[in-house]
Amino acid sequence: MSDTTNATLSVVRLKCSTQIYDWGKQGSESLVARLAPAAVGPEFELDENTSYAEIWMGTHPNGPSSLYDSTYLDLKSLLATNPTHYLGNHVIDKFNDPTPEIPFLFKILSIRKALPLQAHPDKRLAEKLNKKDAENFVDSNHKPEIALALSPFKGFVGFRPIDEIRQFVKYVPELHDLIDKDPGKSMKEVISTILQTPEEGLKGTIESLVARCKEHPNDEVAGVVVKLNEQYPGDVGILIAPFFMNLVTLEKGEAIYIGADEAHAYLEGDIVECMAISDNVVNSAFCPASDRDPETFSAMLTYTSRAAKDFALPHESYPGSRSRRTIAYNPPLEEFTVLRTTLSQEGDDDILLPAKGPSIGIVVQGSAVVSTCDAEPLQLDTGAVVFVAANQGIKIKATAENTEMYWSTVIE
């Protein structure tokens, strides 16, 4: 494709951004690194000592996608040439004020160790944070998200049922001694107090807890405490995440939905992640002190106690799939739906009916040809990323066995 904005395109291959964070898997162990030669392009050079954490697909300014065969044109600039064609009136009317952009941010994550204990703000708080500190909160949008497992995954999500928390406080001496001094405190007061206590003041408590947990190697929670202390020695999050939060385990194809203002910290695994377009995050633990804001974090949380199963996002049959080879993950949001297309044999295909908004897809396994009725077929190998304009039917045909593509799109 030539470097031009004159032609109206329906299918465009993208060149995407990678993010390097300490928690990412290193070198060729990272799925992000293995997908990057096609997702980023031939300029990608693997370094076995680098932590490749994320691939970003979309128009967010912290990691914008560009056109794969263009020397200068980014995706957002392409959208601006014909917003109605690329985004559709539905997206323009609902989300695009003041500038045209994709309403979601699509990612691949490859996780080696715990991410920061964090939460993402709702719209009201995001606007306040952006106005107060635009350098660290570059947008004013909310950031509810889903995590869809590509491999076995573990993570902390939301607060446990209150009876489970009470049992830990009762039978874990370090928690009992820390909290039972004032049993009338609310969950918010307890979390806030622990997070804002200097770590030096908790050093003995954490050391005692870790020592006792090492005596119970077959206990899941004890094992997590020991692992977290190996990753982040003496971190205050060790007193919170294992005992107050749900430990969620996902197998490939399972997903969870995390709303705004919900505490979470992913632990390990490879996932597809999708969220409303935002990079706003408030951290409280498992990261450098300079990246933490425990006061805002403890003030913003919902503190809703519920079981891990309540965060599950089951997949559904996708009515827009002609061959029934694509399933849908529908969070309670307007910004996106995530689709998974599975083509077992070379030559298998599926046709996705036109969506109201744009679609971005990535091949995570195998290879496929993607086309629309008015665009030339585009060959996509493992890691390749494609943008499809709104209101376009999409044909996907496998050119290898066991091909898998994941899509984010705006359906309604």
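Keep in mind it's a predicted model, so treat the numbers as computed, not measured. (Residues numbered from 1 in each chain as written. Predicted model: local features only at pLDDT ≥ 70, side-chain atom pairs only at ≥ 80, totals over all residues. Heavy atoms only, no water.)

Re the overall build of the chain
When helices and strands are counted, the chain shows 11 helices and 22 strands. Relative to the globule expectation of 22 Å for 412 residues, the C-alpha radius of gyration of the chain, 22 Å, shows essentially globular dimensions. For the chain, the spread of C-alpha atoms along the three principal axes comes to 70 × 45 × 40 Å. When the accessible area of the chain is evaluated, it comes to approximately 17,400 Å², of which 47% is carbon and sulfur surface. (Helix = DSSP H or I, 4+ residues; strand = E, 2+ residues; numbered from the N terminus. Rg over C-alpha atoms; globule rule 2.2 N^0.38 Å. Areas by Shrake-Rupley, 256 points an atom, 1.4 Å probe, with all protein chains shown as cover.)

Describing the side chain of E54
Relative to the elements of secondary structure, E54 occurs in strand 3 (residues 51–57). With relative accessibility at 5%, the residue E54 sits in the buried group. Within the structure, E54 has its side chain in polar contact with the side chain of W56 (distance 2.5 Å). If we skip the residues at most four places from it in the chain, E54 touches S17, T18, Q19, Y21, W23, V32, K107, I108 and L109. (Buried < 20%, exposed > 50% of the residue type's maximum accessible area, 1.4 Å probe, protein only. Polar contact = N/O pair within 3.5 Å; in protein donor to acceptor, adjacent residues only side chain to side chain. Contact = heavy atoms within 4.5 Å.)

Section: the pairing of strand 18 (residues 368–371)
Side-chain positions along a regular strand alternate between the two faces of the sheet. Pairing analysis gives 3 bridges linking strand 18 to strand 19 (residues 378–380), with the strands arranged antiparallel. Bridge pairing in strand 19 places V369 opposite Q379. Following strand 18, the chain reverses through 6 residues before pairing antiparallel with strand 19. (Pairing = 2+ DSSP bridges.)

Examining helix 5 (residues 162–171)
Within an α-helix, residues lying three or four positions from one another point in the same direction, as the helix has 3.6 residues per turn. Taken together, the buried positions of helix 5 are occupied by I165, F168 and V169. Relative to the axis of helix 5, the buried residues are bounded by an arc of 100° and lie together on one face. Those residues of helix 5 that are exposed and angled more than 90 degrees off the buried face are D163, R166, K170 and Y171. (Arc of directions from axis to C-beta.)

A look at the sheet that holds strand 21 (residues 394–398)
One open sheet holds the 4 strands; their spatial order is 16-21-18-19, and the pairing between them is antiparallel. Each of the sheet's edge strands pairs with one partner strand only, and the pair in question is strand 16 (349–352) and strand 19. With strand direction ignored, the average angle separating the axes of adjacent strands in the sheet is 20°. (Axes fitted to C-alpha atoms, helices over the stretch in contact; angles between N-to-C directions.)

Describing the environment of L105
Of note, L105 is situated in strand 5 (residues 104–111). Residue classification places L105 among the buried residues on the basis of a relative accessible area of 0%. Between the C-alpha atoms of L105 and L87, which are 18 residues apart in sequence, the distance is 14 Å. When near neighbours in sequence (up to four residues on either side) are disregarded, L105 contacts W56, M57, H60, E273, C274, M275, A276, I277 and S278.

Comments concerning the domain arrangement of the chain
Examined at the domain level, the chain breaks down into domain 1 (14–157 + 249–287), domain 2 (160–241) and domain 3 (315–410). Here the C-alpha centroids of domain 2 and domain 3 sit 44 Å apart. (Domains from an automatic or database assignment.)

Considering the UniProt feature "domain: Phosphomannose isomerase type I helical insertion" (unreviewed entry) in the chain
Mapped onto the present numbering, the UniProt feature "domain: Phosphomannose isomerase type I helical insertion" (unreviewed entry) falls at residues 184–244. Span residues 184–244 is 66% helix and 0% strand, its end C-alpha atoms 17 Å apart. (UniProt positions renumbered as here; feature names shortened; annotations may be inferred.)

With respect to the state of the cysteines
Going through the model one piece at a time under the given rule, you end up with 0 disulfides. Considering cysteine sulfurs only, C274 is the nearest to C16, which forms no disulfide, with 13 Å between them. Judged by its relative accessible area of 6%, C16 is buried. (Disulfide = S-S within 2.5 Å.)

Looking at helix 4 (residues 123–132)
Within the span of helix 4, buried status applies to L125, A126 and L129. The buried residues of helix 4 all sit within an arc of 100° when viewed along its axis, so they share a single face. Set apart from the buried face of helix 4 by more than 90 degrees, the exposed residues are R124, K128 and K131. The elements touched by buried residues of helix 4 are strand 12 (282–285) and helix 11 (294–300).

A closer look at the packing of aromatic side chains
Within the structure shown, the criterion is met by 7 aromatic pairs. Between Y86 and F387 the ring centres are 6.2 Å apart and the planes differ by 50°, which places this aromatic pair in the tilted class. Within this pair, whereas Y86 is found in helix 3 (residues 83–94), its partner F387 is found in strand 20 (residues 385–388), the two being separated by 301 residues in sequence. When sorted by exposure, Y86 lands in the same class as F387, which is buried. Over the ring of Y232 we find K113, and its NZ or CZ is 4.8 Å from the ring centre. (Phe/Tyr/Trp six-rings, centres within 6.5 Å; stacked < 30°, edge-to-face > 60°. Lys NZ or Arg CZ within 6 Å of the ring centre and 35° of its normal.)

Here we look at the pairing of strand 10 (residues 255–258)
Of the two faces of strand 10, the one lined by A255 and Y257 and the one lined by I256 and I258 are each fully buried. Relative to strand 10, strand 7 (residues 145–149) runs antiparallel, the two being bridged by 4 bridges. Counterpart to E145 in the pairing with strand 10 is I258.

Description of the nonpolar core
Residues F156, F243, F244, I256, Y266 and F286 are the most contacted members of the largest nonpolar core, which totals 66 residues. For this core, the element with the highest residue contribution is helix 9 (residues 220–231), accounting for 6 residues. Taken domain by domain, the makeup of this core includes at least three residues from each of domain 1 (14–157 + 249–287) and domain 2 (160–241). Not counting residues up to four positions away in its chain, the partners in contact with I256 are E145, I146, A147, F153, V157, V248, L250, F311, A312 and L313. V32, L75, Y329 and Y406 belong to the second-largest nonpolar core, a separate cluster that totals 47 residues. (Core = buried A, V, L, I, M, F, W, Y, C linked by side-chain atoms within 4.5 Å.)

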